[in-house]
Amino acid sequence: MADWLNKLLGGGSTPSEEPKADEGSPVPEHALLVHIPLSDDEHGSEEEREALFEVEDQLVEAIEGAGVGEYDGNEVGGGEFVMYIYGPDADALFSAAEPILRTLQPPPGEFYAVKRYGDADDLDAHEERIDLR
């Protein structure tokens, strides 16, 4: 029922006014997506995956320690290991992760990160690719 009609009929409380865009509007969630090649076109070796799980632990420490976001998980298949990291600032995410990523020496293939400046559903969000080799 419309607010004015609700008030006229003595109805209950009316919803509060929605906050203005600059008051408490959510910050877009940026992302850092890290693509690491594996030794085969499938899931790589168990040793590779175990080593990358250890790298994940280091990234969690670095990202959460810097207070810039969170490590959300990975996807393994098709010859690559993809790491998903989210927070309000893609540059800060990369700054926290870069020293760890630069120590990796994966097998030949494309080893890169993508900084996305905006939500996943924002088709106009700017993305920047950084080659890590």
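Here the structure is shown first, and the text comes after it.
About the criteria used
Residues numbered from 1 in each chain as written. Predicted model: local features only at pLDDT ≥ 70, side-chain atom pairs only at ≥ 80, totals over all residues. Heavy atoms only, no water. Core = buried A, V, L, I, M, F, W, Y, C linked by side-chain atoms within 4.5 Å. Buried < 20%, exposed > 50% of the residue type's maximum accessible area, 1.4 Å probe, protein only. Helix = DSSP H or I, 4+ residues; strand = E, 2+ residues; numbered from the N terminus. Contact = heavy atoms within 4.5 Å. Polar contact = N/O pair within 3.5 Å; in protein donor to acceptor, adjacent residues only side chain to side chain. Pairing = 2+ DSSP bridges.

What exactly am I supposed to notice about the nonpolar core here?
Counting 24 residues, the largest nonpolar core has Leu32, Val34, Ile36, Leu59, Met83, Ile85 and Leu132 as the members making the most contacts within it. Every element with two or more residues in this core is listed here: β1 (30-37), α2 (46-66), β3 (80-87) and α3 (90-101). Among the elements that make up this core, the one with the highest residue count is α3 (six residues). One finds Leu33, Tyr86, Tyr112 and Val114 within the second-largest nonpolar core, a separate group that totals five residues.

When you look at the environment of Tyr71 in this model, what are you seeing that I'm missing?
Relative to the helices and strands, Tyr71 is located in strand β2 (residues 70-77). On the basis of relative accessible area, Tyr71 is assigned to the buried category, the value being 13%. C-alpha of Tyr71 to C-alpha of Asp57: the two residues are 14 residues apart in sequence and 9.1 Å apart in space. The residues touching Tyr71, leaving out its near neighbours within four places in the chain, are Glu56, Leu59, Val60, Phe81, Met83, Tyr84 and Ile85. Separated by 3.2 Å, the side chain of Tyr71 and the backbone oxygen of Gly73 make a polar contact.

Looking at this model, I keep getting lost on α3. Mind explaining?
Along an α-helix, residues three or four apart share an orientation, since each turn contains 3.6 residues. When we look at burial in α3, the residues that qualify are Ala90, Leu93, Phe94, Ala96, Ala97, Ile100 and Leu101. Residues of α3 that are buried in the fold lie against β1, α2, β3, β4 (112-117) and β5 (126-131). One side-chain oxygen at the N-terminal end of α3 lies 2.9 Å from the backbone nitrogen of Asp91; it belongs to Asp89.

Sorry if this is basic, but what is going on with the side chain of Lys115 here?
Mapped onto the elements of the fold, Lys115 is located in strand β4. Taking relative accessible area as the criterion, Lys115 reaches 8% and is therefore assigned buried. Within the structure, the side chain of Lys115 is placed 3.4 Å from the side chain of Tyr117, a separation counted as a polar contact.

Help me understand the pairing of β3 in this model?
Buried residues dominate β3, accounting for six of its eight residues. Note: β2 against β3, seven bridges, orientation antiparallel. Bridge pairing in β3 links Gly77 to Glu80. Hairpin connection between β2 and β3: a loop of two residues separates the two successive antiparallel strands, and Gly78 in this loop has a positive phi of roughly 65°.

Fair warning: the whole summary comes from geometry, so function is off the table for now.
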